[in-house]
Protein chains: 4
Amino acid sequence: MPIPYERTIHFADTDAAGVVFFANYLAIGHEAYEESLAASGINLSAFFRDNGVIVPVSRSEAEYRRPLQCGDRIRVALAPKMLSENSFEIRYEITRLTGGEKNAARLRTEHVCIDSASRARKPVPAALAAWIAGASAP
Amino acid sequence: MPIPYERTIHFADTDAAGVVFFANYLAIGHEAYEESLAASGINLSAFFRDNGVIVPVSRSEAEYRRPLQCGDRIRVALAPKMLSENSFEIRYEITRLTGGEKNAARLRTEHVCIDSASRARKPVPAALAAWIAGASAP
Amino acid sequence: MPIPYERTIHFADTDAAGVVFFANYLAIGHEAYEESLAASGINLSAFFRDNGVIVPVSRSEAEYRRPLQCGDRIRVALAPKMLSENSFEIRYEITRLTGGEKNAARLRTEHVCIDSASRARKPVPAALAAWIAGASAP
Amino acid sequence: MPIPYERTIHFADTDAAGVVFFANYLAIGHEAYEESLAASGINLSAFFRDNGVIVPVSRSEAEYRRPLQCGDRIRVALAPKMLSENSFEIRYEITRLTGGEKNAARLRTEHVCIDSASRARKPVPAALAAWIAGASAP
């Protein structure tokens, strides 16, 4: 399992209802994905740029269970899994740590590896496959 | 049916892969919801502030079908529907208009009406129910 | 003078204080710049990508004069001006239209044209110089 | 001096030019301000909500000196200073740590303490004044 990602909720994450804007939970989940990739030795700047082969998010799902306020401390745990030779999913559990541990959201993203010019499906690159295998190991 | 919402993709919507960041599709869908509520006479500033009764997004789903670039013109069509006395869904179809009409994404959000202090479920307010009924009329 | 840009304040623009987050005024100003470039025939996707010559913002200044709430209608007027062969400024006046016209903010950005690899200064491209000349004409 | 704030550049911070969007430097500076306030014992959620007295940003300035890419590690050092009984400034130095320490940006914000209803100026609250005094001590 990857090391969980922790961070504090920032003012810029919030909206006029006083809590984190719903779409920003997905951005926070993506941060945890980035941190975990970087920890496994993947160069993020090269990885997320369009270098011919890209791995965009093809689906996302989120279940928002508790509001998060500016200053709240959160932890994001990830569990990636191969779905096919060309695709994988990541499940995210966002836990609010401030005021006792409570599940704040559950997210899921699907990622498909494609040739950025032709949009044809491509095998998941080896370094990424190793991250998925390592990150999801028991 | 509500009047579709159109806008241009901005530079701030994009990420280093050169296209709209996946979480921002949901923010764009929410803009269409806001515009449609405002067109029906609902005061947005009061509606989205915490005034005792709030209507947060409880679930979201997105299927990303085509990338969107800075300058692309898009149209967002919405279809809301009551799910229970306390909740409703909105389905969104995002169409890329630049370079011929193509479906760019399909989104879905679920919204639950609650008392912001007790978190107890409350009936959807009348003005919002009227918007849902009117917006989803044949 | 370029045609002023109008739009409505979105929920995603706001923060937990109930008004537009201060950094988002600059993003809104940039939208007006983009719309004006597009209206002059410049292809935004090509313009803002790194194609060897880039025109990043080198300075920004903002004076925040009035809060903006979700649903407020605003107008952004721009005045660009050449500063040197390699650089120009844009001044932005953001007017809140909801509840009577009031100045909401004054912004200023400086832009420098550079070679993205060497970071050496380059002359402002002709199409952009024409936009600056036309947009700032009396 | 407050403890410098460090973080990694996220994909969501970037734009289609492949680097951090100019307005997001200001959001990153604000994060450092929040972290420093929290470290001094100020409750962020209460502080940034509208509780009658608010401390909005009244001016911002930024000098963008180097681009920041996804995965870059940065450090933000802050220096706050009282400007009057009702206002203060914060200067921010953003250093890119990846690939050798280099100054990436210099920011400055001005903050004015006001009554949120009347917009009349109010003295800076004691806890905030203590933070400014402590944070800017030699």
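A. Inspection of the packing of aromatic side chains at higher detail. One pass over the structure, following the stated rule, counts 33 aromatic pairs over all chains. Geometrically, the ring pair formed by Y33 of chain B and F48 of chain B is edge-to-face, given 6.0 Å between the ring centres and 85 degrees between the ring planes. Of this pair, Y33 of chain B sits in helix 1 (residues 22-39) while F48 of chain B is found in helix 2 (residues 44-48), placing the two residues 15 residues apart along the sequence. Look at Y33 of chain B and you get buried, because its relative accessible area is 1%. With centroids separated by 5.0 Å and ring planes inclined at 75 degrees, the aromatic side chains of Y25 of chain C and Y64 of chain C adopt a geometry described as edge-to-face. Of the two residues, Y25 of chain C is situated in helix 1 (residues 22-39) and Y64 of chain C in strand 3 (residues 57-64); the sequence distance between them amounts to 39 residues.

B. Molecular detail of the sheet that holds strand 4 (residues 73-84) of chain C. Reading across from one edge, 1(C)-4(C)-5(C)-6(C)-3(C)-3(D)-6(D)-5(D)-4(D)-1(D) is the order of the 10 strands in this open sheet, with antiparallel pairing throughout. Each edge of the open sheet is held by one strand with a lone partner, namely strand 1 (5-8) of chain C together with strand 1 (5-8) of chain D. Between one strand and the next, the sheet's axes are offset by a mean angle of 20 degrees, whatever the strand orientation. Note that strand 5 (residues 87-96) of chain D and strand 6 (residues 102-112) of chain D share 10 bridges and pair antiparallel. Counterpart to R91 of chain D in the pairing with strand 6 of chain D is R108 of chain D.

C. Fine view of the interface of chain B and chain A. At the junction of the two partners, chain B supplies 22 residues and chain A supplies 22 residues. Summed over both sides, the interface of chain B with chain A buries roughly 1,800 Å², with 61% coming from carbon and sulfur. The interface formed by chain B and chain A holds 0 salt bridges in total. Where chain B touches chain A, the interface holds 6 residue pairs in polar contact (both at pLDDT 80 or more). Tallied by class, residues from the side of chain B that touches chain A come to 12 nonpolar, 4 polar and 6 charged. Pairing of strand 3 (residues 57-64) of chain A with strand 3 (residues 57-64) of chain B involves 5 bridges; the strand directions are antiparallel. Each bridged residue has a counterpart across the sheet, and for A62 of chain A the counterpart in strand 3 of chain B is S60 of chain B.

D. Summary view of the relation of the copies chain B and chain A. Overlaying chain B on chain A yields an RMSD of 0.0 Å, the required transformation being a rotation through 180 degrees with an accompanying axial translation of 0.0 Å. On this basis, the relationship between the two copies can be described by a two-fold rotation axis. The C-alpha atom lying nearest the rotation axis in chain B is that of E61 of chain B; the distance is 2.2 Å. Take the interface residues of chain B: 100% of them recur as interface residues in chain A, which is what a same-surface contact looks like.

About the cut-offs
- Residues numbered from 1 in each chain as written.
- Chains lettered and ligands numbered in written order.
- Predicted model: local features only at pLDDT ≥ 70, side-chain atom pairs only at ≥ 80, totals over all residues.
- Heavy atoms only, no water.
- Phe/Tyr/Trp six-rings, centres within 6.5 Å; stacked < 30°, edge-to-face > 60°.
- Helix = DSSP H or I, 4+ residues; strand = E, 2+ residues; numbered from the N terminus.
- Buried < 20%, exposed > 50% of the residue type's maximum accessible area, 1.4 Å probe, protein only.
- Pairing = 2+ DSSP bridges.
- Axes fitted to C-alpha atoms, helices over the stretch in contact; angles between N-to-C directions.
- Contact = heavy atoms within 4.5 Å.
- Buried area = accessible area lost by both parts, 1.4 Å probe.
- Salt bridge = Lys/Arg side-chain N within 4 Å of Asp/Glu carboxyl O.
- Polar contact = N/O pair within 3.5 Å; in protein donor to acceptor, adjacent residues only side chain to side chain.
- Nonpolar A, V, L, I, M, F, W, Y, C, P; charged D, E, K, R; others polar.
- Least-squares fit on C-alpha atoms with pLDDT ≥ 70 in both.

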